[in-house]
Amino acid sequence: MKKFIGTMLLCFVVFINYAQEKQFYFSGKIVDKESKEAIVFATIIYSKQSVISNELGEFKFLNPIAQVNNILKVKMVGYIDYEENISLKNNNNNVLIQLIKTASKLKDLEITSIRATDNAPFTKTNLNKSEINKLNIGQDLPFLLNQTPSVVVNSDAGNGVGYTGISIRGTDASRINVTLNGIPFNDAESQGVFFVDLPDFSSSLNSIQIQRGVGTSSNGTGAFGATINLSTNELNEKPSTEINNSFGSFNTIKNTVKVSTGLINNCFTIDARLSKIKSNGYIDRAKSNLQSFALSGAYLNKNSSLKFNIFSGVEKTYQAWNGVDATNLINNPTFNISGTEKIGEPYNNETDNYNQTHYQLFFNKTITKNWSYSIAAYFTKGMGYYENYKAAQKYTKYGLTNPTFTNTDLIRQQWLDNDFYGQIFSVQHKKNKSVLTIGGNWSDYKGKHFGEIIWAANGGIPLGYKYYNLNAIKIERSFYIKLQQNIAKNIELFLDGQYRFVNHTMNGFKENPNLIVDRKFNFINPKFGLTYSKNNCQTYFSYALANKEPNRNDFQSSLITQPKAETLHDFELGFETKKSNFTFGATAYYMLYKNQLVLTGKINDVGAYTRSNVDKSYRLGLELQGSYTITKWLNLNANATFSKNKIKEFSEFVDNYDAGGQLEIKHSNSTITLSPSVISNLQFNFILSKKINFSLISKYVSKQYLDNTKNEQRILNSFYTQDARAIINISNKFFKETVLMISANNIFNKMYQPNGYTFSYIYNGDLTTENFYFPMSGTNFMLSLNIKL
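All figures in this text were calculated on a predicted structure; none of them were measured in a lab.

About the thresholds
- Residues numbered from 1 in each chain as written.
- Predicted model: local features only at pLDDT ≥ 70, side-chain atom pairs only at ≥ 80, totals over all residues.
- Heavy atoms only, no water.
- Helix = DSSP H or I, 4+ residues; strand = E, 2+ residues; numbered from the N terminus.
- Rg over C-alpha atoms; globule rule 2.2 N^0.38 Å.
- Buried < 20%, exposed > 50% of the residue type's maximum accessible area, 1.4 Å probe, protein only.
- Contact = heavy atoms within 4.5 Å.
- Areas by Shrake-Rupley, 256 points an atom, 1.4 Å probe, with all protein chains shown as cover.
- Lys, Arg positive; Asp, Glu negative; His and termini not counted.
- Charge placed at Lys NZ, Arg CZ, Asp CG, Glu CD.
- Pairing = 2+ DSSP bridges.
- Phe/Tyr/Trp six-rings, centres within 6.5 Å; stacked < 30°, edge-to-face > 60°.
- Lys NZ or Arg CZ within 6 Å of the ring centre and 35° of its normal.
- Salt bridge = Lys/Arg side-chain N within 4 Å of Asp/Glu carboxyl O.
- Core = buried A, V, L, I, M, F, W, Y, C linked by side-chain atoms within 4.5 Å.
- Axes fitted to C-alpha atoms, helices over the stretch in contact; angles between N-to-C directions.
- Patch = residues over 30% accessible without salt bridge, like charges linked within 9 Å, V, L, I, M, F, W, Y side chains within 5 Å.
- Polar contact = N/O pair within 3.5 Å; in protein donor to acceptor, adjacent residues only side chain to side chain.

Trainee: Could you clarify how one ought to interpret the overall build of the protein chain in this entry?
Mentor: On a plain count of helices and strands, the protein chain comes out with five helices and 42 strands. Its C-alpha atoms give the protein chain a radius of gyration of 27 Å, near enough to 28 Å, the size a compact globule of 789 residues would have. C-alpha extents for the protein chain along the principal axes are approximately 95 × 55 × 55 Å. Classification of the 789 residues of the protein chain by burial places 56% in the buried group. Restricting to contacts in the protein chain with at least 6 residues of sequence separation, those with at least 24 account for 66%. If you sum the accessible surface of the protein chain, you get close to 33800 Å²; carbon and sulfur atoms cover 57% of it. Between the centroid of the 82 positive side chains of the protein chain and the centroid of its 62 negative side chains there is a distance of 8 Å.

The structure is reproduced here in structure tokens:
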């Protein structure tokens, strides 16, 4: 631990010292060839280094590596890629580069309207297509984000395939706003994010933006720790075929085929993907059988574009969501209790089964030089169930009677059949140094919850019998206005205001079918910030207010003890600097919660554990990140988060089996569940040749508490993992590109658990605590071969 943190701090000291050195430089400007206007946020690559053009279209390379002829490359969405051989001679080579628009010049406004631009005063990380492809070897999307700041990931099956989870700054996925091309992805009721429903979606992505904190106004559920924007709406101008195959530990296999027609007659394009992933998992019986497809078609002309997407996934995973108890963690860490209620061999179909299909239709139009708009309609259909073998069940529990037997073994299925549909829109006006965006979203959700018994050992089950059948409806309406305005030399003002209305109606719950809940919420979420930019340095400050409705399960108490909405005040102060071969950033954040919902152990009116509001809690942290090109064959990336995550006061409730009822225990200044105080990543990249790259990838996460009591008997131990990855470009005359990737994970065979849960009770005068863990696998590998025809 001390050695690792020492190494991290040394890296950041090197970054800072380097920033103070006097640098040789090479500069230029990027403009639109037709209008001669400056192009902002273009990517310029020169001598294996890259920078981004500023608000004036200008760029500068400090201390570029001197070679006789270097190729200068410029990439910008909506423009043809630019290449030119340039010899480095003197300082101040003010090169003027004029980019030519392509037929796809219309940027996806549904994306840009909710994403933070480079100058926006929000903390963010961007991943482009090449970075995503390097990480995409078969694991679920959260594992592709594992090296980004403040992220901790976990996996029920222990190897990143199947059900996976992610937290950012200690905030779980139900508080992270996720959008697919600007369209809400979070489940409307639980507000969770189930990436397993769209297997291998990463193979369709062209970019990802993570905004940490509240971020800018988005569509869908409230962002209480982060926002993840996923984009697939990239135009592939040239025809291509790709075949990606991966194989690795636990019989993990991924097969992906991607086809693109390229631009036909300069106006049509069709893209398709077909994927299949199978894995046995690290945990016993934690098998995954996943299939998905994606199909996109687009029509483009000079001033408008029309695009239609279909994403569909089918997943069947053996349940491993109960975790491993403390005893088995030591003696049998792959133990899976699921299915063991059946006598003899565990039940072989204790599975989760779900099919989800997304339909998205977009229309973008440029009205004038300054005005453009985008509208989109969407429909998501989801249907599936999880199946369980239950032993010695009372007939009365299921509303049944049997003249001969009171109990029976049975197999039940709990179903969810839902429809989610709506529209988003955004209008944007750009003039001089001002960008005004107006947008919004409406959505309706209709969910059917029902349970069926498909087999009973002692019979007595009517054909088609449903032991519960409950409906839920949720509607949402939101509207936002954003203004990004240059108010003085080098200073930009960002204003953002959102109104959001939510109405959630639940016609009973499985454990409380007579409880009818109809709750309405009206939220106003203002945000503002300032950014100061000069000489490739940027300083920003922002304040954002967010409000969030409770999840479905939070309402399962009584009409008298209904939960309150949560409120978050987020303050961000950041600094960034970008040089030709050096970047550094630091962000201080303070996230102050009011009425945050947390588990306290309190039982509701029907004996279920639900979350309760706590008055005040906060997260206070410092995020550091940077990169440094040491030589032409070695560079490194690093980030680290140091934080305090506290609940000022709350009451823990412990079941008292001796006296009945619950014992209340008061706590103050306790640490929030699953919120590590240190998260850090370090990656060394060795460019062994033009065709071989090798990386050493490290991660450290400090200890985490399993509940909010700061009890040292209820913790996840800190862990450090070391991965290695090699990327080899294989030249041959048969294919355009052949890339072999070899990934060795957890090479020191560290036994660790990034996630878990706990509960306690009093029995025979003793306080007993039972901890459950989700262990990750030891050393494992993946081998991937990607071929582009």
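Moving on from the coordinates now.
Trainee: It is not clear to me how unusual backbone geometry should be interpreted in this structure. Could you clarify?
Mentor: Glycine aside, a negative phi is what most residues show, and trans is what most peptide bonds show. Despite not being glycine, asparagine 490 shows a phi value in the positive range, around 70°. Overall, the relative accessible area of 18% leaves asparagine 490 in the buried class. Despite not being glycine, asparagine 749 has its phi angle at roughly 55°, a positive value. Counting through the fold element by element, asparagine 749 comes out in the loop between strand 39 (737-745) and strand 40 (755-763). Residue classification places asparagine 749 among the partly exposed residues on the basis of a relative accessible area of 43%.

Trainee: I tried to follow the pairing of strand 18 (residues 288-300) on my own but got confused; where do I start?
Mentor: One face of the sheet, then the other: side chains in a regular strand alternate in exactly this way. Only one face of strand 18 is covered, namely the one carrying Ser288, Leu290, Ser292, Ala294, Ser296, Ala298 and Leu300; the face carrying Asn289, Gln291, Phe293, Leu295, Gly297 and Tyr299 has none of its residues buried. With twelve bridges connecting them, strand 17 (residues 268-279) and strand 18 associate as antiparallel partners. Following the sheet pairing, lysine 278 is matched in strand 18 by asparagine 289.

Trainee: What should I look at first to understand the packing of aromatic side chains in this one?
Mentor: The relation between two aromatic rings is expressed through the spacing of the ring centres and the mutual angle of the planes. For the coordinates displayed, the defined rule picks out 32 aromatic pairs. Ring centres 5.4 Å apart and planes at 35° place the aromatic pair tyrosine 657 and tyrosine 761 in the tilted group. Here tyrosine 761 lies in strand 40 and tyrosine 657 lies in the loop between strand 32 (634-656) and strand 33 (662-671), a separation of 104 residues in the sequence. Exposure remark for tyrosine 761: the relative accessible area of 15% places this residue in the buried category. The interplanar angle of 40° and the centroid separation of 6.2 Å between the aromatic rings of phenylalanine 686 and phenylalanine 694 together place this pair among those described as tilted. Under the relative-accessibility criterion, phenylalanine 694 is labelled partly exposed at 30%. Through a chain of ring-to-ring contacts, the aromatic side chains of Tyr657, Tyr757, Phe759, Tyr761, Phe772 and Phe774 assemble into a single cluster. Sitting over the ring of tyrosine 589, arginine 169 keeps its end group 3.7 Å from the ring centre. The ring of tyrosine 480 is capped by lysine 482, whose NZ or CZ atom sits 4.8 Å from the centre of that ring.

Trainee: I would appreciate a short explanation of the pattern of salt bridges in the present structure.
Mentor: Note that side chains of opposite charge can pair when their charged atoms are close. The tally for this structure, following the rule as stated, stands at 25 salt bridges. The closest approach of N and O atoms between arginine 169 and glutamate 623, which form a salt bridge, is 3.0 Å. Taken together, the residues arginine 169 in the loop between strand 10 (164-168) and strand 11 (176-180) and glutamate 623 in strand 31 (residues 609-631) connect sequence positions 454 residues apart. Exposure remark for arginine 169: the relative accessible area of 3% places this residue in the buried category. Residue lysine 466 is joined to glutamate 452 by a salt bridge in which the shortest nitrogen-to-oxygen separation is 3.6 Å. Within this pair, whereas lysine 466 is found in strand 25 (residues 466-488), its partner glutamate 452 is found in strand 24 (residues 434-456), the two being separated by 14 residues in sequence. Accessibility expressed as a relative area gives 34% for lysine 466, which makes it partly exposed. It is possible to trace a salt-bridge network through shared partners that takes in Arg169, Arg212, Glu572 and Glu623.

Trainee: Whenever I open this one, the sheet that holds strand 11 confuses me. Can you help?
Mentor: In a beta sheet, neighbouring strands pair by backbone hydrogen bonds and run either parallel or antiparallel. An order of 8-13-14-11-12 is seen for the five strands of this open sheet, with the pairing classed as mixed. Each edge of the open sheet is held by one strand with a lone partner, namely strand 8 (123-128) and strand 12 (183-184). The pairing of strand 11 with strand 12 spans two bridges and is classified as antiparallel. Note that in strand 12 the partner of threonine 179 across the bridge is proline 184.

Trainee: Where do I start with the nonpolar core in this structure?
Mentor: Within soluble globular proteins, side chains that are nonpolar tend to cluster in buried spots. Membership of the largest hydrophobic core comes to 33 residues, with the highest contact counts inside it found for Ile166, Ile168, Val178, Ile208, Ile228 and Leu230. Going through the elements one at a time, helix 4 (141-144), strand 9 (151-155), strand 10, strand 11, strand 13 (207-212) and strand 14 (226-231) are the ones with two or more residues in this core. Discounting chain neighbours no more than four positions away, the residues touching isoleucine 168 are Ser150, Val151, Ile176, Ile210, Arg212, Gly225, Ala226 and Ile228. Counting residues in each nonpolar core, the second largest holds 17 residues, with Ile39, Tyr46, Phe61 and Leu99 among its members.

Trainee: Got a minute to help me understand the sheet that holds strand 6 (residues 82-86) in this structure?
Mentor: The strand order across the open sheet formed by four strands is 3-2-5-6, and the pairing between neighbours is antiparallel. Of all strands in the sheet, those with a lone pairing partner are strand 3 (49-52) and strand 6, marking the two edges. Averaged over all pairs of adjacent strands, the angle between their axes in this sheet comes to 20°, without regard to strand direction. When strand 2 (residues 43-46) meets strand 3, the two strands line up antiparallel, connected through four bridges. Paired with isoleucine 45 across the strands is serine 50, a residue of strand 3.

Trainee: Can you help me understand a nonpolar patch on the surface in this one?
Mentor: Together, Ile264, Phe268, Tyr299, Leu306, Phe308, Tyr359, Leu361 and Phe379 make up a nonpolar patch on the protein surface, roughly 660 Å² of accessible area in all. At the level of elements, strand 19 (304-318) and strand 21 (351-366) are the ones that each hand at least two residues to the nonpolar patch.

Trainee: I'm lost on the side chain of aspartate 200 in this one. Help?
Mentor: Along the chain, aspartate 200 turns up in the loop between strand 12 and strand 13. What makes aspartate 200 buried here is its relative accessible area of 6%. A distance of 2.6 Å separates the side chain of aspartate 200 from the side chain of serine 275, its partner in a polar contact. Ignoring any residue separated from it by four or fewer positions in sequence, one finds aspartate 200 in contact with Asn136, Lys254, Thr256, Arg273, Ser275, Ile277 and Ser292.

Trainee: Looking at this structure, I do not really get the pairing of strand 32. What am I missing?
Mentor: Judged by how many residues are buried, strand 32 sits mostly within the fold: 18 of 23 residues are covered. In terms of strand pairing, strand 31 meets strand 32 through 14 bridges, oriented antiparallel. Looking at strand 32, one finds that leucine 620 is bridged to lysine 644. In textbook terms, the turn of a hairpin is the stretch between consecutive antiparallel strands, and for strand 31 and strand 32 this stretch comprises two residues. Examined bridge by bridge, strand 32 and strand 34 (residues 678-687) share nine bridges and lie antiparallel to one another. Looking at the pairing, asparagine 639 lines up with asparagine 681 of strand 34. Here nine bridges tie strand 32 to strand 33, and the two strands are oriented antiparallel to one another. Bridge pairing links lysine 646 to threonine 671 in strand 33. The antiparallel hairpin formed by strand 32 and strand 33 contains five residues in its connecting segment, where glycine 660 sits at a positive phi of about 80°. In terms of strand pairing, strand 32 meets strand 40 through two bridges, oriented parallel.

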